[in-house]
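If you want the building blocks of each chain, they are given just below.
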Amino acid sequence: VGTKCGDALVLAMNDQLTVIDVDFQARYIPLPEEFYYSIEDISCKNTGDIWLAHFEGVSHYADGAWETYWIKDIVTENLEFDSVEGILVDERGSIWAALSNHIVKYSDGSWMVFGEGQGFSEKYFLEDIIETSQGEIYAAASMDLLHYENNQWVAIPYPSFETIVG
């Protein structure tokens, strides 16, 4: 798993992050043991402020230290089976994470949870979360594309196979 952070590349490799700068110089950031080998996604604006999605939570690397937020502490109702599939640091500095069955947003020091009955009209299996160049937030789900607008999620149905092939 890897991403571009500023002018560098950040790659998750087993038990470490590898940061490769524009001069192809590498530095290594050790990962905490509790999420070795389980990194699903990386998001950052610069290499000093990195967010990781991993199987049971999200972790933030800043000032040379890791802080981990566990799913079980963020989503306290209707948890069922959730794993973190994708993460996004948006242009406003909010952190978005796509979990299997929820989307969570970290802003101003607290988490907001969106799930069935909390902004979704039904249960979704979420895959990833992205921001467009216009600052719009979308989440890829099993049955629909979800768009965050006016502080709620709106489903945009994927076209059916019949619609695509005529």
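Described below are features of the structure shown in this document. (Residues numbered from 1 in each chain as written. Predicted model: local features only at pLDDT ≥ 70, side-chain atom pairs only at ≥ 80, totals over all residues. Heavy atoms only, no water.)

**Some thoughts on the nonpolar core**
Point 1. Core analysis: the biggest nonpolar cluster contains 16 residues, and W51, V58, V75, V84, L99 and V104 have the highest contact counts within it.
Point 2. When sequence neighbours within four positions are dropped, the list of residues in contact with V84 reads E40, A53, H54, F55, G57, V58, I71, A97, A98 and L99. (Core = buried A, V, L, I, M, F, W, Y, C linked by side-chain atoms within 4.5 Å. Buried < 20%, exposed > 50% of the residue type's maximum accessible area, 1.4 Å probe, protein only. Contact = heavy atoms within 4.5 Å.)

**Remarks on the pattern of salt bridges**
Point 1. Taken as a whole and assessed by the stated rule, the structure comprises four salt bridges.
Point 2. Across the salt bridge formed by E91 and K45, the nearest N and O atoms sit 3.2 Å from each other. Of the two residues, E91 is situated in the loop between β9 (84–89) and β10 (95–99) and K45 in strand β5 (residues 39–46); the sequence distance between them amounts to 46 residues.
Point 3. Since its relative accessible area comes to 61%, E91 is described here as exposed.
Point 4. Linking R92 and E131 is a salt bridge whose minimum nitrogen-to-oxygen distance equals 3.9 Å. Taken as a pair, R92 in the loop between β9 and β10 and E131 in strand β13 (residues 126–131) lie far apart in primary sequence, 39 residues in all. (Salt bridge = Lys/Arg side-chain N within 4 Å of Asp/Glu carboxyl O. Helix = DSSP H or I, 4+ residues; strand = E, 2+ residues; numbered from the N terminus.)

**Considering the state of the cysteines**
Point 1. For the structure on display, the rule yields one disulfide.
Point 2. One disulfide bridge connects C5 with C44, the sulfur atoms lying 1.4 Å from each other. Within this pair, whereas C5 is found in strand β1 (residues 2–5), its partner C44 is found in strand β5, the two being separated by 39 residues in sequence. (Disulfide = S-S within 2.5 Å.)

**Re unusual backbone geometry**
Point 1. Positive phi is not limited to glycine here, since N150 has a value of about 50°.
Point 2. In the Ramachandran plot, N151 falls in the positive-phi region, its phi being about 60° despite a non-glycine side chain.
Point 3. Along the chain, the position of N151 falls in the loop between β15 (144–149) and β16 (152–157).
Point 4. With relative accessibility at 63%, the residue N151 sits in the exposed group.

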